[in-house]
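As a plain string of letters, each chain reads:
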Amino acid sequence: MRVLLKKYSSRGQIIEMMYLSKSGDISKRRVKVIKIHGDSFQAYCFKRNAKRTFLFDNVLACAPVNQIERDVI
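Because the structure is predicted, anything quoted here is derived from the model rather than measured.

Draft legend 1. Quick look at the pattern of salt bridges. Counted under the stated rule, the structure contains two salt bridges. Of the charged contacts in the structure, one is a salt bridge between R2 and D39, with a shortest N-O distance of 3.7 Å. Here D39 lies in the loop between β2 (26-37) and β3 (40-45) and R2 lies in helix α1 (residues 2-10), a separation of 37 residues in the sequence. According to the relative accessible area criterion, R2 is partly exposed, its value standing at 31%. Residue class for D39 comes out exposed when judged on its relative accessible area of 55%. Among the salt bridges present, the one from R30 reaches E16, with a minimum N-O distance of 3.1 Å. Placement of the pair is R30 in strand β2 and E16 in strand β1 (residues 15-20), with a sequence separation of 14 residues.

Next up, the structure:
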């Protein structure tokens, strides 16, 4: 997952991901990766409209958002 996120980040792509929170809740989020460091990464979360920190190990799935889907945001 780390390799995919780094690839999407270097391309400046918006990513849709399934994320497992510390409390065990699963959420679907659209993010744009800002910075990668250690076991986590910082990204702008369009769901929360804020910068958030995510753990690589808690990302269950991720995929880039298509250009057509981006226009809807």
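Draft legend 2. A look at the layout of surface pockets. Taken as a whole, the largest pocket holds about 210 Å³ of empty space. Taken together, 13 residues line the largest pocket, and the ones lying closest to its centre are Y19, S21, R52, T53 and F54. With four residues, the single largest contributor to the lining of the largest pocket is strand β4 (residues 50-55). Residues belonging to the lining of the largest pocket are distributed by class as follows: four nonpolar, four polar and five charged.

Draft legend 3. Looking closely at the sheet that holds β2. As summarised here, the arrangement of the five strands in space is β4-β3-β2-β1-β5, forming an open sheet in which the pairing is antiparallel. Looking along the sheet, the strands with just one partner apiece sit at the ends: β4 and β5 (59-64). Each neighbouring strand pair of the sheet contributes to a mean axis angle of 45°, computed without reference to strand direction. Relative to β4, β3 runs antiparallel, the two sharing six bridges. Among the inter-strand pairings, C45 is bridged to a residue of β4, identified as A50. Contacts from α1 reach β1, β2, β3 and β5 within the one sheet, and its direction differs from that of β5 by about 30°.

Criteria and cut-off values
- Residues numbered from 1 in each chain as written.
- Predicted model: local features only at pLDDT ≥ 70, side-chain atom pairs only at ≥ 80, totals over all residues.
- Heavy atoms only, no water.
- Salt bridge = Lys/Arg side-chain N within 4 Å of Asp/Glu carboxyl O.
- Helix = DSSP H or I, 4+ residues; strand = E, 2+ residues; numbered from the N terminus.
- Buried < 20%, exposed > 50% of the residue type's maximum accessible area, 1.4 Å probe, protein only.
- 1 Å grid on protein atoms, 1.4 Å probe; cavity = no way out; pocket = protein on both sides within 12 Å on 5 of 7 lines; lining within 4 Å.
- Points joined across faces, edges and corners; volume = space filled by probe spheres on them.
- Nonpolar A, V, L, I, M, F, W, Y, C, P; charged D, E, K, R; others polar.
- Pairing = 2+ DSSP bridges.
- Axes fitted to C-alpha atoms, helices over the stretch in contact; angles between N-to-C directions.
- Contact = heavy atoms within 4.5 Å.

Purely geometric numbers; function is a separate question.
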